[in-house]
Amino acid sequence: MGFREMTLIFIIIVISIIVSILSPNFLTGENLITTALGLAADGILAIGMTVVLVSGGVDLSVGSVLSLSAVIAGGLYLSYGVDIWVGSLIALIVCVLIGLFNGYFIAKIGIPPLIVTLAMMGIARGASYVLTQGSPLSLYGDLKGFDFLGQGRILGIPFFILFFVFLIIVFDFLMRKSAPFRLVYYVGSNENAAKLSGINVPKVKIAVYVLMSVLAGIAGIFTLSRFSVAAPTAGTGSELNAISACVIGGASLAGGEGTVLGAILGTILVGIINNALVLLNVSVYWQNLVSGVILITAVVIDYISHQKRS
């Protein structure tokens, strides 16, 4: 655990103590579980975004892909009677194709990630609105245990949270110890040097964007299961939350740096702040303003730290 992670843990503890004094409801078991559930989807996106940022890229389409995966799975079930599990699998296959699209145009054609993923953000979000005609799709009937993903509990702990923790452990280990994932660091640190050392840079980049899209799709499926609603507005702004969390956690917008643990701690910090604003009855408009301030602050800190190293 590095200095950045230790610092974030300290900040989270201090803020939690302050909020618990201001609002006695903060440290209640139900509120903590609700907060954890609320940040689980963004946390899954932050895991994938960490890998993307480390590779030297960025993905602005993740919130829209989250929504589209839920809409496809829910729409197939409601409109065509497709088994909800089969519909979810089809939705994830679509996410793989989206990742391949993003990765191909970024790695092979050479279009900047910002442009490609911004275009995909519009395409995926537009597709969600077209498929739903702008109205949320409510699931009903026998979901064959599908609702357990987002609503079920094991020993009193929501399965969604347990699955989220499992992903954190797996991907934090892979990013630190796995040889294939270490290639992502090499590519993000110095792409030309990576090419000269024999690394297939385009292949690594494509794999990164496929992984990101699949994780966004999984977050969408869990969100669908949790609320039993496929909304075209789901995931709006999630891409900015994920980027903020990753940069706060130590990921660099220049690539080559970042850890999953740091990104999750950043997600927790943002989640606690948002939850505190709700408990203190702060207007939702102020919540959006605070999210923007957190993002710009994280970017400025990242920029200043790199300037000092230079």
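Notes on the structure in this doc start here. Keep in mind that what you see is a predicted model, and the values were worked out from it rather than measured. Each residue is numbered by its place in its chain's sequence as written, counting from 1. A pLDDT threshold of at least 70 governs which residues receive local features in this predicted model, and a stricter bar of 80 or more applies before side-chain atom pairs are shown or counted, although totals over entire chains, interfaces and linings include all residues. The side-chain numbers reported here are obtained from all heavy atoms of the structure, hydrogens and water having been left aside.

For helices the rule is a DSSP run of H or I covering at least 4 residues; for strands it is a run of E covering at least 2, with both sets numbered from the N terminus onward. Within the protein, the regular secondary structure consists of 13 helices and 4 strands. Along the first, second and third principal axes, the C-alpha set of the protein runs to 55 × 50 × 35 Å. Residue burial is assigned from relative accessible area. The probe radius is 1.4 Å, only protein chains are included, and a residue is buried under 20% of its type maximum, exposed over 50%, and partly exposed in between. Looking at the 310 residues of the protein, the share that counts as buried comes to 49%. Only heavy atoms matter for contacts: two residues are in contact if any of them lie within 4.5 Å across the pair. Looking at the protein alone, contacts between residues at least 24 apart form 79% of all its contacts between residues at least 6 apart. His is not counted, nor are the chain ends; Lys and Arg add positive charge and Asp and Glu add negative charge. In this description, the location of a charge corresponds to atom NZ of lysine, CZ of arginine, CG of aspartate or CD of glutamate. Placing the 14 positive and 12 negative side-chain charges of the protein at their respective mean positions leaves the two points 9 Å apart.

Helix length check: helix α4 (residues 84-108) (25 residues) gives 35 Å between terminal C-alpha atoms against 36 Å at 1.5 Å per residue, within 8%. Buried within α4 we find Ile-84, Gly-87, Ser-88, Ala-91, Cys-95, Ile-98, Gly-99, Asn-102, Gly-103, Ile-106 and Ala-107. Along its buried surface, α4 packs onto α3 (62-80), α5 (113-132) and α10 (201-227). Each polar contact in these results corresponds to two N or O atoms within 3.5 Å; when the atoms are within protein, one needs to be able to donate a hydrogen and the other to accept it, and residues that are neighboring in sequence are counted only if both atoms are side-chain atoms. Residue Asp-83 occupies the N-cap position of α4, its side-chain oxygen lying 2.8 Å from the main-chain nitrogen of Trp-85. Note on α4: the residue one or two positions beyond its end, Gly-110, has a positive phi of about 90°. Any helix carries an expected span of 1.5 Å times its number of residues minus one.

On to the side chain of Ser-67, then. The topology assignment puts Ser-67 in helix α3. Residue contacts for Ser-67: discarding those within four places in its chain leaves Arg-125, Ser-128, Ala-231, Pro-232, Thr-233 and Ala-234.

Side-chain atoms within 4.5 Å link the members of a nonpolar core, which is a set of buried Ala, Val, Leu, Ile, Met, Phe, Trp, Tyr and Cys residues. If you look at the biggest cluster of nonpolar residues, it comprises 86 residues, and the most contacted ones within it are Leu-45, Ile-47, Met-49, Phe-146, Phe-164 and Leu-224. A total of 13 residues in this core trace back to one element, the largest contributor, which is helix α2 (residues 29-54). If we skip the residues at most four places from it in the chain, Leu-45 touches Val-62, Leu-66, Met-212, Ala-216, Ala-219, Ser-238 and Ala-242.

Moving on, we get to the packing of aromatic side chains. Where two aromatic rings form a pair, the distance of their centres and the angle of their planes describe that pair. In this analysis, rings of Phe, Tyr and Trp, with Trp reduced to its six-membered ring, are considered paired at centre separations within 6.5 Å, and the interplanar angle assigns stacked below 30 degrees, edge-to-face beyond 60, and tilted for intermediate values. Inspection of every chain in the model, using the stated rule, returns 10 aromatic pairs. Residues Trp-85 and Phe-146 carry aromatic rings whose centres are separated by 5.5 Å and whose planes lie at 80° to one another, so their mutual orientation is edge-to-face. Residue Trp-85 is found in helix α4, and its partner Phe-146 is found in the loop between β1 (137-138) and α6 (148-151); the two are separated by 61 residues along the sequence. When its relative accessible area of 37% is taken as the criterion, Trp-85 is described as partly exposed. When the ring of Phe-163 is compared with that of Phe-222, the centres are 4.7 Å apart and the planes differ by 15°; the resulting orientation is stacked. With Phe-163 in helix α7 (residues 159-177) and Phe-222 in helix α10, this pair connects stretches of sequence that are 59 residues apart. Residue classification places Phe-222 among the buried positions, given a relative accessible area of 5%. Here the aromatic cluster, defined as three or more aromatic residues joined through ring pairs, consists of Phe-148, Phe-159, Phe-160, Phe-163, Phe-166 and Phe-222.

Salt bridge, as applied in this entry: a Lys or Arg side-chain nitrogen positioned within 4 Å of an Asp or Glu carboxyl oxygen. On inspection of all chains with the given rule, the structure shows 5 salt bridges. As a salt-bridge pair, Glu-30 and Arg-153 come within 3.8 Å of each other at their nearest N and O atoms. Separated by 123 residues along the polypeptide, Glu-30 in helix α2 and Arg-153 in strand β2 (residues 153-154) bring together distant segments of the chain. The closest approach of N and O atoms between Glu-191 and Lys-205, which form a salt bridge, is 2.8 Å. Pair noted here: Glu-191 is in helix α9 (residues 191-196) and Lys-205 is in helix α10, with a separation of 14 residues, a long-range link. Assessed through its relative accessible area of 28%, Glu-191 is described here as partly exposed. The network of salt bridges with common partners includes Glu-191, Lys-195 and Lys-205.

Three or more residues of helix α8 (residues 179-189) are buried, namely Phe-181, Val-184, Tyr-185, Val-187 and Gly-188. Seen from one end, α8 has its buried residues packed into an arc of 165°, which puts them on one side. Away from the buried face of α8 by more than 90 degrees, exposed residues Ala-179, Pro-180 and Ser-189 are located. Structurally, α8 contributes buried residues whose contacts are with α2, α7, α9 and α10. Taking the helix axis as origin, the arc is that swept by the directions to the C-beta atoms.

Look at Lys-144: it is not a glycine, yet its phi comes out positive at around 55°. For Lys-144, the location among the structural elements is in the loop between β1 and α6. You will see that Ser-228, though not glycine, has its phi angle at about 55°, which is positive. Here Ser-228 shows up in the loop between α10 and β4 (229-230). Since its relative accessible area comes to 18%, Ser-228 is described here as buried.

Taken by themselves, the reported measurements are silent on function.
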